[in-house]
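These are the residues of each chain, in order.
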Amino acid sequence: MIYQPMPIEFYQQPTLDLAKALLGCLLVKESPEGAASGYIVETEAYMGAGDRAAHSFGNRRTKRTEIMFASAGHVYTFMMHTHTLVNVVSGLTNIPEAILIRAVEPCDGLQLIKSRRHRVKQAVNRTNGPGKLTEALNITQEDYGRLLTEAPIYIAAGFVPDQVESGPRVGIDNTGDARFYPWRYWISGNPYVSKTRKIKEC
DNA sequence: GGGAAGATTTCCT
DNA sequence: GGAAATCTTCCCG
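A brief look at the structure comes next. Model, not experiment: these values are computed from the prediction. (Residues numbered from 1 in each chain as written. Chains lettered and ligands numbered in written order. Predicted model: local features only at pLDDT ≥ 70, side-chain atom pairs only at ≥ 80, totals over all residues. Heavy atoms only, no water.)

Description of the protein's contact with DNA strand C
Around DNA strand C, the neighbouring residues are Arg-60, Thr-62, Lys-63, Arg-64, His-81 and Thr-82. Near the protein, within 4 Å, the atoms of DNA strand C are sugar or phosphate in 71% of cases. Arg-60 places a side-chain nitrogen or oxygen 3.4 Å from a phosphate oxygen of DNA strand C. Between DNA strand C and His-81 there is a distance of 3.3 Å, counted from a base nitrogen to a side-chain nitrogen or oxygen. Its residues placed into classes, the surface near DNA strand C shows no nonpolar, 3 polar and 3 charged. (Near = heavy atom within 4 Å. Polar contact = N/O pair within 3.5 Å; in protein donor to acceptor, adjacent residues only side chain to side chain. Nonpolar A, V, L, I, M, F, W, Y, C, P; charged D, E, K, R; others polar.)

Encoded structure:
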């Protein structure tokens, strides 16, 4: 491993605190062709049973959401159309909370990231979205259920952000009041934060 | 066993 | 700004 992973205790803080604490941390994925990593610059918290936007709303327990009920520090990946999205499981065991990683700033493996995202010309557009960064770092369904405290996928200390902002989450327009909860966090002014999509008003 | 929906991205007009 | 891409899971017959 090229970095020292965060201890398991790091993941055992309250979910909203962890969502903020993850900003500036380094997400690392080691693959046969080499390691790629990026600083986390944007996250979204999903607060389990009481959060209508969460897959685990109402303690819905399925093959897909099963890992959300596990202890904090596990990897929750799922497919969205043609893309993989990655979450950090948080909360106590049987409390199905998780944090979606929405954007990273590339650090290691720039050539790997470039080749995996060869269709994209602008560097900034290679990792500024949840489905983009998984392709850039080669995070797949094979990582589902893995622990973030050891290779090949883990999170290490990075830098402490100057300023952090929060606001409504993205892409969950049909979830009632849950769409207004300010559980999206990002590093102020960072160019790799994903573009804010217009929230539908009715 | 079929059909629908989804925490997205990309290409085309 | 809109639609297609194209996969898995879940729910309902």
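Overview of the pattern of salt bridges
A complete count under the given rule lists 10 salt bridges for this structure. One salt bridge in this structure joins Lys-29 and Asp-143, with 3.0 Å as the shortest N-O distance. Residue Lys-29 is found in strand S1 (residues 26–31), and its partner Asp-143 is found in the loop between helix H3 (130–137) and strand S6 (149–150); the two are separated by 114 residues along the sequence. Each member of the pair, Lys-29 together with Asp-143, is buried. (Salt bridge = Lys/Arg side-chain N within 4 Å of Asp/Glu carboxyl O. Helix = DSSP H or I, 4+ residues; strand = E, 2+ residues; numbered from the N terminus. Buried < 20%, exposed > 50% of the residue type's maximum accessible area, 1.4 Å probe, protein only.)

Concerning the environment of Pro-5
Tracing the chain through its elements places Pro-5 in the segment before helix H1 (15–21). As a C-alpha pair, Pro-5 and Ala-157 span 152 residues in sequence and 7.4 Å in three-dimensional space. In contact with Pro-5, other than residues within four places in its own chain, are Leu-148, Thr-149, Tyr-154 and Ile-155. (Contact = heavy atoms within 4.5 Å.)

Let's talk about the protein's contact with DNA strand B
Surveying the vicinity of DNA strand B reveals 21 residues, the closest of which are His-55, His-83, Asn-87, Arg-117 and Gly-131. Across the atoms of DNA strand B situated within 4 Å of the protein, the share located in sugar and phosphate is 53%. For DNA strand B, a base nitrogen lies 2.4 Å from a polar atom in the side chain of Asn-87. Gly-131 places a main-chain nitrogen or oxygen 2.8 Å from a phosphate oxygen of DNA strand B. For the surface near DNA strand B, the secondary structure elements donating two or more residues are strand S3 (75–80), strand S4 (83–90), strand S5 (97–106) and H3. Tallied by class, the residues present in the surface near DNA strand B amount to 10 nonpolar, 7 polar and 4 charged.

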